[in-house]
Amino acid sequence: QVQLVESGGGLVQAGGSLRLSCKASGSTDSLATMSWYRRGPGKERILVASISRGGTTELLDGVKGRFTISRDNAKNTVDLQMNSLSPEDTAVYYCNAFAIAFQREYWGQGTQVTVSS
């Protein structure tokens, strides 16, 4: 199995930056795509950014140019650098990873990001 633990959330003013980090542990050899999702207040959880094992990235249109996703396969981590944050980015951010060996995805517990205006 795989465990995911996020860190780096918090309170920041509009225009500020935060860096989220997710550390995977357990059976990590077969981890494929790793992603960040978020669920804003009263909203559904949506995909924000994803990165393949080879480094191919995809970003939600609304965060392009502001957010960057990166991963370190040796350390089993995936980071989300968030710049120029706005109150609309306020959400609980979740790390997600798909493990080929188990043919299933795993989720972290979530980390709160609050952007004040």
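Small disclaimer: the values here were computed from a predicted structure and weren't measured.

Conventions used here
- Residues numbered from 1 in each chain as written.
- Predicted model: local features only at pLDDT ≥ 70, side-chain atom pairs only at ≥ 80, totals over all residues.
- Heavy atoms only, no water.
- Phe/Tyr/Trp six-rings, centres within 6.5 Å; stacked < 30°, edge-to-face > 60°.
- Buried < 20%, exposed > 50% of the residue type's maximum accessible area, 1.4 Å probe, protein only.
- Lys NZ or Arg CZ within 6 Å of the ring centre and 35° of its normal.
- Helix = DSSP H or I, 4+ residues; strand = E, 2+ residues; numbered from the N terminus.
- Contact = heavy atoms within 4.5 Å.
- Disulfide = S-S within 2.5 Å.

Peer 1: Can you explain the packing of aromatic side chains? Please cite residues and give values.
Peer 2: As enumerated under the stated definition, the model contains three aromatic pairs in all. On the numbers, 6.4 Å between centres and 80° between planes, the contact of Phe102 with Tyr106 is edge-to-face. Take Phe102: its relative accessible area is 31%, and that puts it in the partly exposed class. Residue classification places Tyr106 among the buried residues on the basis of a relative accessible area of 5%. What links up through ring pairs into an aromatic cluster is the set Tyr37, Tyr94 and Trp107. Its guanidinium or amino end placed over the ring of Tyr94, Arg45 lies 5.0 Å from that ring's centre, counting from NZ or CZ. If you follow Arg104 out to its NZ or CZ, it ends over the ring of Tyr106, 3.9 Å from the centre.

Peer 1: If you had to explain the side chain of Ser30 to someone new, which residues and values would you point to?
Peer 2: Mapped onto the elements, Ser30 comes out in the loop between strand S3 (18-26) and strand S4 (31-39). Ser30 sits in the buried class, given a relative accessible area of 16%. Those residues in contact with Ser30 that lie beyond four places of it in its chain are Phe98, Ala99, Ile100 and Ala101.

Peer 1: Summarise the state of the cysteines; cite the residues concerned and give the values.
Peer 2: Scanning all chains against the criterion turns up one disulfide. There is a disulfide in this structure between Cys22 and Cys95, and the S-S distance comes to 2.1 Å. With the S-S bond torsion at -85°, the cross-link from Cys22 to Cys95 turns out left-handed. In this pair, Cys22 is assigned in strand S3 and Cys95 in strand S9 (residues 91-99), connecting sequence segments 73 residues apart.

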